[in-house]
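Listed below, chain by chain, are the residues.
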Amino acid sequence: MHAAPGHACPGHPESPRRLDRMQTWLNNPPYPEMLWLDHQPASEAEVMLVHPKSMLDDLKAACRMGPHELEPSPTYVTEASYQAALGAAGATLAVSRRILAEGRGRGFAIVRPPGHHAEPKQSMGFCLLNNIAIAAADAVAGGLGKAAILDFDAHHGNGTQAAFWNTPQVGYLSIHEEKLYPGTGRVDSASHAYGRIINIPLQAFSDTKAFMTLIEKVAAPWLRQLDAHMLFVSAGYDIHFSDPLTTSTLDTQGFFQLTQMLIRLAEEYCQGRILFVLEGGYDPQALADNVQACLAALCGRSDYPDHFGKSPGGRAMVGAQIENLILRHHLSED
Ligand SMILES: [Zn+2]
């Protein structure tokens, strides 16, 4: 876990408070199967698998100037932010490399600041360095073969997509809420890489069933055809119905079911290698419950707290969209 307490801005939703409720897990893991890994900050050479040196120099210089906003979304930095970002990337690398070293395994990098909006040349959208992209690029550079990144955060992971826009060894599939920040991720974007880069914008109020159906009907054949050797998951919990920034309507049980399904896919198509990396999720209590529900599934357990209960309901209809996606991306059923 990398909570980065020095990367903080009063009143900002992406705050260290997001991980407060999980701090007790460090001494008292919710499941005995869990093992915390030691981790070092990522080196600049490791980060440069995704971000050019000029970007790192600019970010370092911006942090040296003290607390201010980098862009209107707003993305903030403080004097501590550069080290915080290297720490989040390093923690993600530690879990990823452990899975690779063991040949299989399930991991979760509980880190902040998040990463999936950070483009190779620009920090944005609360994200400074792209943690999941650095880990996937590191895995590919280390001889993994192909990597798949599935992103269920409510927002499109423009940064991850940009990092692998022309990288045949990495697939990217994003399910996100349409019309939200940053406005990228249209279904017809990335037409040069149909079948490898899949963008699925969803209507507001989409629910657990919509996500489950899309993973079964679209993500499963995408993963099979990609022939990826590890599944990286950009796990954004801002699709929970309580989240203050979005309208999606998943509930905690939905995250548990979603994780079980992703584990099954990783077992079937990725030699059992699966790594969750924390992205968004801005209601701290819901975030703790939802992360724990995913940890329960990863540990083969079924007990987890749920302070919010069942979703008030939402939209589950994605049938026509699925047909369109299957045709567009040349996905086959078997
Ligand atoms: Zn998000």
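Our structure's up above, just so we're on the same page.
Just so we're clear, the structure is a prediction, and the values are computed from it rather than from any experiment.

Student: It is not clear to me how the pairing of strand 5 (residues 170-177) should be interpreted in this structure. Could you clarify?
Tutor: Consecutive residues of a regular strand have side chains that alternate between opposite faces of the sheet. When you tally the buried positions in strand 5, you get eight out of eight residues, the bulk of the element. Every second residue of strand 5 is oriented toward a common face, with Val170, Tyr172, Ser174 and His176 on one face and Gly171, Leu173, Ile175 and Glu177 on the other, all of them buried. Across five bridges, strand 4 (residues 147-151) lies against strand 5 in parallel orientation. Across the sheet, residue Ala147 finds its bridge partner in strand 5, namely Val170. Read as a crossover between parallel neighbours, the route from strand 4 over helix 5 (residues 158-163) to strand 5 is right-handed.

Student: It is not clear to me how the environment of Tyr31 should be interpreted in this structure. Could you clarify?
Tutor: Position of Tyr31 among the secondary structure elements: in the segment before helix 1 (44-47). Between the C-alpha atoms of Tyr31 and Gln169, which are 138 residues apart in sequence, the distance is 34 Å. Beyond its immediate chain neighbours, meaning those up to four positions away, Tyr31 contacts Leu295, Ala296, Cys299 and Arg301.

Student: I would appreciate a short explanation of helix 7 (residues 252-269) in the present structure.
Tutor: For an α-helix, the turn length of 3.6 residues means that residues three or four places apart are oriented alike. Along its 18 residues, helix 7 runs 26 Å from first to last C-alpha, staying within 8% of the 26 Å computed at 1.5 Å per residue. Within helix 7, burial applies to Thr252, Gly254, Phe255, Phe256, Leu258, Thr259, Leu262, Leu265, Ala266 and Tyr269. Downstream of helix 7 by one or two residues, Gln271 has phi in the positive range, about 55°.

Student: Hey, could you run me through helix 3 (residues 81-102) in this one?
Tutor: In this model, helix 3 (22 residues) spans 32 Å end to end at C-alpha, consistent with the 32 Å of a helix rising 1.5 Å per residue. Of the residues flanking the end of helix 3, it is Gly103, one or two places downstream, whose phi is positive at about 85°.

Student: Would you mind showing me how to read the nonpolar core here?
Tutor: The tendency in soluble globular proteins is for nonpolar side chains to be buried side by side. Counting 102 residues, the largest nonpolar core has Ile134, Leu231, Phe232 and Leu275 as the members making the most contacts within it. Those residues in contact with Ile134, other than ones at most four positions away along the chain, are Ala42, Glu46, Val47, Leu49, Val50, Ala89, Thr92, Leu93 and Leu129.

Student: Any chance you could explain the pairing of strand 8 (residues 273-278) here in plain terms?
Tutor: Burial within strand 8 is extensive, with six of its six residues counted as buried. Every second residue of strand 8 is oriented toward a common face, with Arg273, Leu275 and Val277 on one face and Ile274, Phe276 and Leu278 on the other, all of them buried. Relative to strand 8, strand 3 (residues 105-109) runs parallel, the two being bridged by five bridges. Note on strand 8: the bridge partner recorded for Arg106 is Ile274. Alignment of strand 7 (residues 231-235) against strand 8, held across five bridges, turns out to be parallel. Following the sheet pairing, Ser234 is matched in strand 8 by Val277. As for the winding sense of the linkage, the β-α-β connection from strand 7 through helix 7 to strand 8 is right-handed.

Student: I tried to follow the packing of helix 3 against helix 4 (residues 131-141) on my own but got confused; where do I start?
Tutor: Any two packed helices are characterised by how steeply their axes cross, that is the angle between the axes, and by the distance between the axes. As a packed pair, helix 3 and helix 4 sit with axes 9 Å apart at the nearest point and diverge in direction by 35°. Here the hand of the crossing between helix 3 and helix 4 comes out right-handed. Along its contact with helix 3, which presents Ala88, Ala89, Thr92, Leu93, Ser96 and Leu100, the element helix 4 presents Asn131, Ile132, Ile134, Ala135, Asp138 and Ala139. The residue makeup of the contact of helix 3 with helix 4, split by class, is eight nonpolar, three polar and one charged.

What counts, and at which threshold
- Residues numbered from 1 in each chain as written.
- Predicted model: local features only at pLDDT ≥ 70, side-chain atom pairs only at ≥ 80, totals over all residues.
- Buried ≥ 20, exposed ≤ 12 C-beta atoms within 10 Å, placed from the backbone.
- Helix = DSSP H or I, 4+ residues; strand = E, 2+ residues; numbered from the N terminus.
- Pairing = 2+ DSSP bridges.
- Right-handed = clockwise from strand over helix to strand, strands pointing away.
- Contact = placed C-beta atoms within 7 Å.
- Expected span 1.5 Å × (residues − 1).
- Core = buried A, V, L, I, M, F, W, Y, C linked by C-beta atoms within 7 Å.
- Axes fitted to C-alpha atoms, helices over the stretch in contact; angles between N-to-C directions.
- Left-handed = near helix turned anticlockwise from the far one by under 90°.
- Nonpolar A, V, L, I, M, F, W, Y, C, P; charged D, E, K, R; others polar.

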